[in-house]
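Overview (structure and organization)
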Amino acid sequence: MFRSTFFRSGSILSSRTLVRFASSQSYNDAITLLKTDLKKAMLAKDNLKKTTIRGLLSAIKNKEIDNKSKDLDEFALYDIYSKLISQRADSINEFIKNKREDLVDKEASEIKIIEVYRDALPVASQKEVDARVLDILKTFKNEDPKIQLKQIFQKIDWKTLPNDLKASPAAIRSSIGAQFKNVFSN
């Protein structure tokens, strides 16, 4: 199996490396932090933190492979971390139903570790996003009280809004969907 490589001033770079070079500085800093914390966890023989960070790096690498042509940024990392946290929360619910307290504690500890990395990203929290989206929805309601959700999604400038709110498009969409009924039912 051949691996695609690129030559640059005498050194060989893989296409994966180029994805990271094209990514944002915050993204690269977060990856570096994960790798240094992985080394620290290995030296401290902290198996829980080590396996959690390896899982994070694996999920990030899978996302890079899936999005070869797109640059990844801190918003993509936020979505990955949020997804992993929700998966673990679902696992906790299943373990509670099956009376597996040992696994509940392990999953809860992993959630705490992932939340530390998610909170370190320069991305707005879900509460901040919800507050800003609520303001946007109220503005749309003042302009047209009978506007439909589909029309709101069409009117939003998806190229600038994520950067203005410091949030991923997925987080903004889910916030709009969750708050639409509350704003427009009054």
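These lines cover the structure that appears in this document, whether it is placed above or below. What you see is a predicted model, and the numbers here were worked out from it, not measured in a lab.

**Description of the overall build of the protein chain**
From N to C terminus, the protein chain includes nine helices and two strands. Counting from the amino terminus, helix and strand elements in the protein chain follow one another as β-β-α-α-α-α-α-α-α-α-α. Expressed as a percentage of the 186 residues in the protein chain, the buried residues total 35%. The contacts of the protein chain with a sequence gap of at least 6 include a subset with a gap of at least 24, amounting to 63%.

**Concerning helix α6 (residues 126–143)**
With 18 residues, α6 ought to run about 26 Å at 1.5 Å a step, and its terminal C-alpha atoms sit 26 Å apart, in line with that. Those residues of α6 lying buried are V129, V133, L137 and F140. The arc enclosing the buried residues of α6, seen along the axis, measures out at 65°, which places them on a common side. Turned more than 90 degrees away from the buried face of α6, the exposed residues are K127 and N142. The secondary structure elements touched by the buried residues of α6 are α7 (149–155), α8 (161–165) and α9 (169–184).

**Considering the packing of α6 against α9**
For any two helices packed against each other, the geometry comes down to the angle between their axes and how far apart the axes lie. Remark: α6 packs on α9, axes separated minimally by 9 Å, with the N-to-C direction vectors making an angle of 50°. Here α6 lies oblique to α9, going by the angle between them. Between α6 and α9 lies a crossing of right-handed hand. For the pair formed by α6 and α9, the contact residues are Q126, V129, D130, V133, L134, L137, K138, F140 and K141 on the first element and A171, I172, S175, I176, Q179, F180, V183 and F184 on the second.

**Looking at the packing of aromatic side chains**
When we look at a pair of aromatic rings, we describe it by the centre distance and by the angle of the planes. Applying the stated rule across the entire model yields two aromatic pairs. When the ring of F153 is compared with that of W158, the centres are 6.1 Å apart and the planes differ by 25°; the resulting orientation is stacked. Just above the ring of W158 sits the side chain of R173; from NZ or CZ to the centre is 4.5 Å.

**What about the environment of F180?**
Summarising the element assignment, F180 is placed in helix α9. Note: C-alpha distance between F180 and I152 (28 residues apart in sequence) is 9.6 Å. Setting aside anything within four residues of it in sequence, one finds F180 in contact with L137, I147, Q148, L149 and I152.

**Quick look at unusual backbone geometry**
Both trends apply: most residues other than glycine have a negative phi, and most peptide bonds are in trans. The backbone of K45 shows a phi angle near 55°, a positive value even though the residue is not glycine. Its place among the elements puts K45 in the loop between α2 (25–44) and α3 (47–66). For K45, a relative accessible area of 68% corresponds to the exposed category. A positive phi angle, near 55°, is found at K99, a position not held by glycine. The residue K99 is located in the loop between α4 (74–97) and α5 (101–120) in this model.

**Focus on the layout of surface pockets**
Size it by volume and the largest pocket reaches roughly 430 Å³. In terms of lining, the largest pocket is formed by 17 residues, of which the most central are K63, N67, L72, A76 and D79. Elements that contribute at least two residues to the lining of the largest pocket include exactly α3 and α4.

**Regarding the packing of α4 against α5**
In the contact formed by α4 and α5, the axes pass within 9 Å of each other and the chain directions differ by 165°. Between α4 and α5, the interaxial angle falls into the category roughly antiparallel. Of the two elements, α4 crosses α5, and the hand of that crossing is left-handed. Along its contact with α4, which presents Y78, Y81, S82, L84, I85, R88, A89, S91, I92, F95 and I96, the element α5 presents L103, V104, E107, A108, E110, I111, I114, E115, Y117 and R118. Split by residue class, the contact of α4 with α5 holds 14 nonpolar, two polar and five charged.

About the cut-offs
Residue positions are given per chain, counting from 1 as you read along its sequence in written order. pLDDT decides what is reported in this predicted model: residues at 70 or higher carry local features, side-chain atom pairs at 80 or more are listed and counted, and totals for whole chains, interfaces and linings draw on all residues regardless. To obtain the side-chain values, all non-hydrogen atoms of the structure were included, while hydrogens and water were left out. Helix numbering and strand numbering both begin at the N terminus, where a helix is a DSSP run of H or I of at least 4 residues and a strand a DSSP run of E of at least 2. Exposure categories follow from relative accessible area, calculated using a 1.4 Å probe and restricted to protein chains: below 20% of the type maximum is buried, above 50% is exposed, and the middle band is partly exposed. Note on definitions: a residue-residue contact is assigned when non-hydrogen atoms from the two residues lie within 4.5 Å. Residue count minus one, scaled by 1.5 Å, sets the expected span of a helix. Note that the arc is computed from the directions linking the helix axis to the C-beta atoms. Axis definition: a line fitted to C-alpha atoms, limited for helices to the stretch in contact. Angles are taken between N-to-C directions and run from 0 to 180 degrees. Should an angle fall under 35 degrees it is called roughly parallel, over 145 degrees roughly antiparallel, and 65 to 115 degrees roughly perpendicular, with every other angle called oblique. Helix crossings are classified by the rotation of the near helix relative to the far one: an anticlockwise turn of less than a right angle makes the crossing left-handed, while a clockwise turn makes it right-handed. Pairing of aromatic rings covers Phe, Tyr and the six-membered ring of Trp, with a centre-to-centre limit of 6.5 Å; geometry is then stacked below 30 degrees between planes, edge-to-face above 60, and tilted otherwise. Only when the NZ atom of a Lys or the CZ atom of an Arg is both within 6 Å of the ring centre and within 35 degrees of the ring normal do we say a charge sits over the ring. Points on a 1 Å grid over protein atoms alone make up a cavity when a 1.4 Å probe fits among them but cannot get out, and a pocket when they form an open set with protein on both sides within 12 Å along at least five of seven lines; lining residues each have an atom within 4 Å of a point. Grid points are joined across faces, edges and corners, and a volume is the space filled by probe spheres set on the points. Put simply, Ala, Val, Leu, Ile, Met, Phe, Trp, Tyr, Cys and Pro go in the nonpolar bin, Asp, Glu, Lys and Arg in the charged bin, and everything else, Gly too, in the polar bin.

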